[in-house]
Amino acid sequence: MPGRIWALVIKEFLALLRDKKSRFVLIVPPVLQLLVFGYAATFDLRHIPYGVYNQDPGFASQELLGRFRGSSTFRQVATIENAGQIAPLIDNEKALLVLRIGPSFTRDLLLHRPAPVQVIIDGRNSNSATLALNDVNSVFLSFDTHWAAEHRWGKTPAQLVIRPWFNPNLLSRWFIVPGIVALLSLVVTLLVTGLSVAREREQGTFDQLLVTPMRPVEILLGKALPGLIIGGLEGIFIVLAAIFWFRVPFIGSVPALAAGMTLFLLAAIGIGLMISSLAVTQQQGLLGIFLFLVPAIILSGFATPIANMPPLVQDLTYLNPMRYFLVIVRGVFLEGDGFRALGPQYWPLALIALSSMSAAARLFRHRMR
């Protein structure tokens, strides 16, 4: 039995590697997606373009503007001479915001009077506007605190002290890149297993398998092992890229990550074999993979928190293996989690893997009959 299964595994690898399209799908898209998600999928704002309309000749306004110029978050793109230049700058999207400092800014501060600064911001993209305003508030709070201490205002205004856990600099890349381990591993595993049986039918070799002495369970294992190996290698490659290329800290347990990845891949293989058993052609298999993949990503917590979803949708996420593996991979990378902390994630993954593999076996036997 092991010899027959191994022979089928070798056959599957040869079928994948000899086909140029299959080689391209397995290698090029995952690498491109890793680079795109790693560099482009970010919630951080860098080099925010802003304009300055400074009507105050005093030193206080220069000190405030110096804090903006010295920050890597902001990039000054315009110096405005009159109020009429503000609207075109925002309307043409040359600047995300404009800082307008009144003519009495320095005098008001020296006289211990409120000195307002107007921030005109492009609100068409509310998410970017909110993030930019948070960065502006941080600069103003720093300036306010320094000024109050230097000029003996007495008590400084109320301060917001932020202490992020697990991600001190709040880098969204540290959140996104570990999630890519789950995302791309799922994509590759589904592609390998979801098209395997359908490809045999299209090429007319499925009937040849039926006349061999191999039993259905042996054929099923022979179809599953290539997905496990390729998905595992893909996951290892992305983990190494996350650590050594994107510099995401890895402070958890390697065995804990390996166990979670194995269970996750088994669950994905079961789902892929179910799709492949139901599909008659590879086109139907690709459609089935797409129909599962998109909701699985959306309902996994990859980009949006599950807690913000409606209760009914939150209940549906418990059937999604990617939900549990995302908790595992992010916990191992950033929180230093081990087997004890990740126990509540392992058993649902194992249950989904067992259920999906059993369902795939039943469908496969039904197809063979």
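Data block above holds the structure.
Residues numbered from 1 in each chain as written. Predicted model: local features only at pLDDT ≥ 70, side-chain atom pairs only at ≥ 80, totals over all residues. Heavy atoms only, no water.

**What to know about the overall build of the chain**
Here's step 1: Secondary structure assignment for the chain yields 15 helices and 4 strands.
Here's step 2: Residues counted as buried form 43% of the 369 residues belonging to the chain.
Here's step 3: Restricting the contact set of the chain to residue pairs at least 6 apart, pairs at least 24 apart contribute 78%.
Here's step 4: Carbon and sulfur atoms make up 64% of the accessible area of the chain, which totals about 19500 Å². (Helix = DSSP H or I, 4+ residues; strand = E, 2+ residues; numbered from the N terminus. Buried < 20%, exposed > 50% of the residue type's maximum accessible area, 1.4 Å probe, protein only. Contact = heavy atoms within 4.5 Å. Areas by Shrake-Rupley, 256 points an atom, 1.4 Å probe, with all protein chains shown as cover.)

**As for the pairing of strand E3 (residues 97-101)**
Here's step 1: Among the 5 residues in E3, 4 count as buried, and that is most of the element.
Here's step 2: As paired elements, E3 and strand E4 (residues 117-121) share 5 bridges and run antiparallel to each other. Its bridge partner lying in E4, Leu 97 is registered against Ile 121. (Pairing = 2+ DSSP bridges.)

**Some words on the packing of helix H11 (residues 254-278) against helix H14 (residues 321-335)**
Here's step 1: At a minimum axis distance of 10 Å, the contact between H11 and H14 shows a crossing angle of 160°. Our classification of the angle between H11 and H14 gives roughly antiparallel. In the packing of H11 onto H14, the handedness of the crossing is left-handed. Counting all contacts with H11, which are made through Ala 256, Leu 257, Gly 260, Met 261, Phe 264, Ala 267 and Ile 271, the residues of H14 involved are Pro 321, Met 322, Phe 325, Ile 328, Val 329 and Val 332.
Here's step 2: Its residues placed into classes, the contact of H11 with H14 shows 12 nonpolar, 1 polar and no charged. (Axes fitted to C-alpha atoms, helices over the stretch in contact; angles between N-to-C directions. Parallel < 35°, antiparallel > 145°, perpendicular 65-115°, else oblique. Left-handed = near helix turned anticlockwise from the far one by under 90°. Nonpolar A, V, L, I, M, F, W, Y, C, P; charged D, E, K, R; others polar.)

**Structural notes on a nonpolar patch on the surface**
Here's step 1: A cluster of nonpolar residues, Leu 225, Ile 229, Leu 233, Ile 236, Leu 240 and Phe 244, forms a patch on the protein surface that exposes about 550 Å² of accessible area.
Here's step 2: Mapped onto the elements of the fold, Leu 240 is located in helix H10 (residues 216-244). (Patch = residues over 30% accessible without salt bridge, like charges linked within 9 Å, V, L, I, M, F, W, Y side chains within 5 Å. Salt bridge = Lys/Arg side-chain N within 4 Å of Asp/Glu carboxyl O.)

**Here's the deal with the pairing of strand E2 (residues 74-79)**
Remember that side chains alternate between the two faces of the sheet whenever the strand is regular.
Here's step 1: Note: strand E1 (residues 48-54) against E2, 5 bridges, orientation parallel. Within the sheet, the bridge partner assigned to Gly 51 lies in E2 and is Ala 78.
Here's step 2: Handedness of the β-α-β unit built from E1, helix H3 (residues 59-69) and E2 comes out right-handed. (Right-handed = clockwise from strand over helix to strand, strands pointing away.)

**Observations regarding the layout of surface pockets**
In this approach the atoms are scanned with a rolling probe the size of a water molecule, which exposes any empty space left behind.
Here's step 1: Roughly 500 Å³ of volume is contained in the second largest pocket.
Here's step 2: What lines the second largest pocket is a set of 21 residues, and nearest its centre among them are Phe 175, Gly 301, Arg 330, Leu 334 and Glu 335.
Here's step 3: Broken down by secondary-structure element, the contributors of at least two residues to the lining of the second largest pocket are helix H7 (172-194) and H14.
Here's step 4: By residue number, the principal contributor to the lining of the second largest pocket is H14, which donates 7 residues. (1 Å grid on protein atoms, 1.4 Å probe; cavity = no way out; pocket = protein on both sides within 12 Å on 5 of 7 lines; lining within 4 Å. Points joined across faces, edges and corners; volume = space filled by probe spheres on them.)

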